[in-house]
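Architecture at a glance
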Amino acid sequence: MILVTGGAGFIGANFVLDWLAVTNEPVLNIDKLTYAGNLQNLASLHGDARHIFVQADIADGKTMAQLLAQHQPRAIINFAAESHVDRSIHGPEDFIQTNVVGTFRLLEAARAYWSDLEGAAKSSFRFLHVSTDEVFGTLAPHDPAFTETHSYAPNSPYSASKAASDHLVRAWHHTYGLPVLTTNCSNNYGPLHFPEKLIPLMIVNALAGKPLPIYGDGMQVRDWLYVRDHCSAIRHVLDAGKLGETYNVGGWNEKTNLDIVTAVCALLDELRPRADRKSYAEQMTFVTDRPGHDRRYAMDARKLERELGWKPAETFETGIRKTVQWYLDNPQWVASVQSGSYRDWVQKHYSLEGSA
Ligand code: NAD
Ligand code: TYD
């Protein structure tokens, strides 16, 4: 059995579904079910004995210890986090609590559990921490992509809290010998993505006839990876990663935000044309920029490809088409996560400046 934290969120749920589709190994899924945790993401596993769900907080060390003792997992994969940069800017507290304190408590529970293991169970145990490229800070236009040895320079409360958690994971290896692995991945996209992040928000707003808010000039660059490719990368690192090492995960898909929104609009124009036959691109609206907005991220994932033989299966073109189609095919999922109120606070902070 493996223990997955945050397995009701976007990447965690995709990981659990992917894991059970390609292995037969049971998953203990621990998730606090914050606004971002959605058990509907795992509806297809209802009644599947290979999936055990427990609602719990990773910062609750006592419960983590009990669950480890009870289920005896061979590995922990830590996805649980507060993950949205805008939310971290307007309310950083939860980010420190879950990403820093939560990771610390989970590490301590894992250390106690691992210390008591013996023989093969002890030597094969792994703690895999899922992190982000945002810990490296921002790149200038012609800088080379981030490698694993790039210095940490986080700029947002989110990335600072993830950087702190990465440092704790590293220290628990160097000080206590805990067998850890860390992955730093670029921006993910795909099914089950909560519509507060760029791609799902644009799809959902476009279909609802709402503005498509582009922060600043829209020329910020992100490196996009289809979520199931991130899941396969994590499986590779869990299987064969070297203890204490970090692995960059990326899709070699650098795109400006304007490229992304234009691509989403073009696909929607093709697959679900507007009633008035105008392009969804007409809904693009430039709004006040995000404070401290990182200009560019780019990941050099060659170590993972070279040492562990991982390669992404999707190009951006195939992945974004699958993603847009998934949102068109799952209006009930969209409706259920769309209370509307979760965006109110964004509208308060990012005022409309004009239309494209
Ligand atoms: P998400 O916000 O969609 O999901 C996070 C999940 O963690 C939710 O189910 C939530 O309920 C759960 N959670 C939050 N606090 C918790 C706590 N204290 N205890 C237990 N569960 C808790 O996030 P995501 O996009 O799926 O990201 C998953 C991980 O991957 C995060 O660690 C994130 O930093 C990292 N990451 C994300 C991206 C991306 O593009 N989304 C890229 C690189 C790395
Ligand atoms: P996001 O999906 O929030 O991911 P991250 O900030 O972790 O990279 O944002 C991706 C990019 O899109 C980022 O440069 C901010 C921008 N963005 C917008 O322009 N408009 C939006 O409404 C959102 C949510 C993001």
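Residues numbered from 1 in each chain as written. Chains lettered and ligands numbered in written order. Predicted model: local features only at pLDDT ≥ 70, side-chain atom pairs only at ≥ 80, totals over all residues. Heavy atoms only, no water.

The protein chain is annotated in an unreviewed UniProt entry as dTDP-glucose 4,6-dehydratase of Comamonas avium. UniProt, in its Sequence similarities (unreviewed entry) section for the protein chain, records the words "Belongs to the NAD(P)-dependent epimerase/dehydratase family. dTDP-glucose dehydratase subfamily." (UniProt positions renumbered as here; feature names shortened; annotations may be inferred.)

Let us now look at the UniProt feature "domain: NAD(P)-binding" (unreviewed entry) in the protein chain. UniProt records the feature "domain: NAD(P)-binding" (unreviewed entry) at residues 3-323, using the numbering of this structure. Across residues 3-323, helical content stands at 42% and strand content at 17%; the span's end C-alpha atoms are separated by 27 Å. (Helix = DSSP H or I, 4+ residues; strand = E, 2+ residues; numbered from the N terminus.)

As a further point, take the sheet that holds strand S9 (residues 221-226). If you trace the three strands from one edge of the open sheet to the other, you get S7-S9-S11, paired in mixed fashion. With one partner strand each, in any of the chains shown, strand S7 (187-189) and strand S11 (254-256) form the two edges of the open sheet. Sheet twist, expressed as the mean angle between neighbouring strand axes with direction ignored, is 50°. Judged from the three bridges that link them, S7 and S9 form a sheet pairing that is parallel. (Pairing = 2+ DSSP bridges. Axes fitted to C-alpha atoms, helices over the stretch in contact; angles between N-to-C directions.)

Right, let's get into helix H4 (residues 93-116). Here H4 spans 34 Å end to end across 24 residues, near enough to the 34 Å set by a 1.5 Å rise per residue. In H4, a bend of some 30° at Gly102 exceeds every other bend along the element. (Expected span 1.5 Å × (residues − 1). Bend = angle between axes of the 7 residues up to and from the residue.)

Moving on: the nonpolar core. Core analysis: the largest hydrophobic core is formed by 64 residues, its most contacted members being Ile2, Phe15, Ile77, Leu128, Ile199, Leu304 and Ile320. Apart from residues no more than four positions distant in its own chain, Ile199 is found in contact with Tyr189, Trp224, Ile260, Val264, Ile320 and Thr323. (Core = buried A, V, L, I, M, F, W, Y, C linked by side-chain atoms within 4.5 Å. Buried < 20%, exposed > 50% of the residue type's maximum accessible area, 1.4 Å probe, protein only. Contact = heavy atoms within 4.5 Å.)

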